[in-house]
Amino acid sequence: DVKVTQSSRYLVKRTGEKVFLECVQDMDHENMFWYRQDPGLGLRLIYFSYDVKMKEKGDIPEGYSVSREKKERFSLILESASTNQTSMYLCASSLRDRVFGSYGYTFGSGTRLTVV
Amino acid sequence: AQSVTQLDSHVSVSEGTPVLLRCNYSSSYSPSLFWYVQHPNKGLQLLLKYTSAATLVKGINGFEAEFKKSETSFHLTKPSAHMSDAAEYFCVVRRLSGGYQKVTFGTGTKLQVIP
């Protein structure tokens, strides 16, 4: 079974803090993704990566950055957290040729971040 | 441009009765459509997908959906609800063009199953 593990289930951070959300997958997937999930808005893609040290902006990259130093790990960084970044963050991974919606595209269980 | 509209934010059914979760889409191209389910504290799981083959698509756990181009709909149904079906469901549209893909999520429908 592919596992996508997000290191924290719940996080509470203060405004202005630098926040790291970590995601690790154990199936040697090339692609990794960060989404944000908000009530009434569905999921929105923040950033994705097709390979180590590669990154691409998604639909809502403002206020975020990412790091992919190792194939299995994809970090989402909030340089200076703000209250409007309070949300559920979902990580996903897939093999290089597995587009969204394929059965090999796997989501983690999410990190609920609250910025106070 | 593409969009997807889930017509109900909450649906409540009694256990053993049919489930209908409605989804309408808009796409300038032939879309692929998906239904995902999210149980509390779990990741998103693919229920079923339509990718231009058969218009009636069967998925896991007894769910199915029918692609109706004339109505631009992709409603999710199940003949008999089970307590374990209580979750949030997302309709998703995807467009592929060469190496580019555009994915748009619906806003979700929370299904409540009453014993």
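Residues numbered from 1 in each chain as written. Chains lettered and ligands numbered in written order. Predicted model: local features only at pLDDT ≥ 70, side-chain atom pairs only at ≥ 80, totals over all residues. Heavy atoms only, no water.

Side note on the overall build of chain A
Basically, it comes down to this: Helix and strand assignments follow DSSP, with helices taken as H or I runs no shorter than four residues and strands as E runs no shorter than two, numbered in order from the N terminus. The globule rule used here is 2.2 Å times the number of residues to the 0.38 power, and the radius of gyration it is set against is calculated over C-alpha atoms. Relative accessibility under 20% of the residue-type maximum defines a buried residue, over 50% an exposed one, and the middle range a partly exposed one, all with a 1.4 Å probe and only protein chains included. Between two residues, a contact is recorded if the distance between any of their heavy atoms is within 4.5 Å. Per-residue accessibility takes into account occlusion by the displayed protein chains alone, with areas from the Shrake-Rupley method and a 1.4 Å probe.
A tally of regular secondary structure across chain A gives zero helices and eleven strands. Going from the N terminus to the C terminus, chain A shows its helices and strands as β-β-β-β-β-β-β-β-β-β-β. A compact globule built from 116 residues should have a C-alpha radius of gyration of about 13 Å, and chain A, at 13 Å, falls within 12% of that. Each of the three principal axes of chain A carries a C-alpha extent, and together these read 40 × 30 × 25 Å. When each of the 116 residues of chain A is scored for burial, the buried share is 50%. By sequence separation, contacts in chain A at least 24 residues apart represent 57% of the contacts at least 6 residues apart. By element, 51% of the accessible surface of chain A is carried by carbon and sulfur atoms, the whole surface being about 5,700 Å².

Brief notes about the pairing of strand β2 (residues 10-14) of chain B
Along a regular strand, successive side chains alternate from one face of the sheet to the other. All names here are of chain B. How we decide: We treat two strands as partners when DSSP finds at least two bridges between them.
Burial of β2 is one-sided: the residues Val11 and Val13 facing one way are buried, the residues His10, Ser12 and Ser14 facing the other way are not. Sheet topology places β2 next to strand β12 (residues 109-114); five bridges connect them, and they run parallel. Within β12, the position partnered with Ser12 by the bridge is Gln112.

Concerning the side chain of Gln85 of chain A
Looking at the element boundaries, Gln85 of chain A is found in the loop between β8 (73-78) and β9 (87-94). Discounting chain neighbours no more than four positions away, the residues touching Gln85 of chain A are Arg36, Gly63, Tyr64, Leu78, Ser80, Leu113 and Val115 of chain A.

Observations concerning the packing of aromatic side chains
Put simply, the rule is: Think of it this way: a Phe, Tyr or Trp ring, Trp meaning its six-membered ring, pairs with another when their centres are within 6.5 Å, and the plane angle makes it stacked under 30 degrees, edge-to-face over 60, tilted otherwise. Criterion for a charge above a ring: Lys NZ or Arg CZ within 6 Å of the ring centre, and within 35 degrees of the ring normal.
Within this structure, the stated rule accounts for 14 aromatic pairs over all chains. Taken together, a centroid distance of 4.0 Å and an interplanar angle of 15° make the contact between Tyr50 of chain B and Phe67 of chain B stacked. Within this pair, whereas Tyr50 of chain B is found in strand β6 (residues 44-50), its partner Phe67 of chain B is found in strand β8 (residues 64-68), the two being separated by 17 residues in sequence. In this structure, Tyr50 of chain B and Phe67 of chain B share a single accessibility class: buried. Following the ring pairs from residue to residue traces out a cluster consisting of Phe33, Tyr35, Phe48, Tyr50, Tyr105 and Phe107 of chain A together with Tyr36, Phe90 and Phe105 of chain B. The lysine or arginine in question, Arg9 of chain A, covers the ring of Tyr10 of chain A, its NZ or CZ lying 5.6 Å from the ring centre.

Focus on the interface of chain A and chain B
As a reminder of what qualifies: The term buried area means the drop in 1.4 Å probe accessible area that two parts suffer when joined, counted for both and summed. The salt bridge definition used is simple: a Lys or Arg side-chain nitrogen within 4 Å of an Asp or Glu carboxyl oxygen. Note on residue classes: Ala, Val, Leu, Ile, Met, Phe, Trp, Tyr, Cys and Pro are nonpolar, Asp, Glu, Lys and Arg are charged, and everything else, Gly too, is polar.
With 18 residues of chain A at the contact, the number on the chain B side is 22 residues. Taken over both partners, the interface formed by chain A and chain B buries close to 1,700 Å², and the fraction arising from carbon and sulfur atoms is 56%. Broken down residue by residue, the surface that chain A buries against chain B is led by Leu43, Phe100 and Tyr103 of chain A, which jointly contribute 35%. Note that Asp59 of chain A is salt-bridged to Lys102 of chain B, the shortest N-O span being 3.2 Å. Secondary structure elements with two or more residues in the side of chain A that touches chain B: β4 (31-38) and β5 (42-49) of chain A. Along the lines of polarity and charge, the residues of the side of chain A that touches chain B split into nine nonpolar, seven polar and two charged.

Some words on the nonpolar core
Test applied: In this description, a nonpolar core means a group of buried Ala, Val, Leu, Ile, Met, Phe, Trp, Tyr and Cys residues linked to one another through side-chain atoms lying within 4.5 Å.
Ranked by internal contacts, the top residues of the largest apolar core, which has 26 residues, are Trp35, Leu48, Leu76 and Tyr89 of chain B. Among the elements that line this core, the one with the most residues is strand β10 (residues 87-97) of chain B, at four residues. Every residue in contact with Tyr89 of chain B, bar those within four places of it in the chain, is listed here: Gln6, Leu21, Trp35, Tyr36, Val37, Leu47, Phe63, Leu76, Gly108, Thr109 and Leu111 of chain B. Among the nonpolar cores identified, the runner-up in size contains 20 residues, and Leu11, Trp34, Leu78 and Leu113 of chain A belong to it.

Scope: geometric values only; no functional claims are made or implied.
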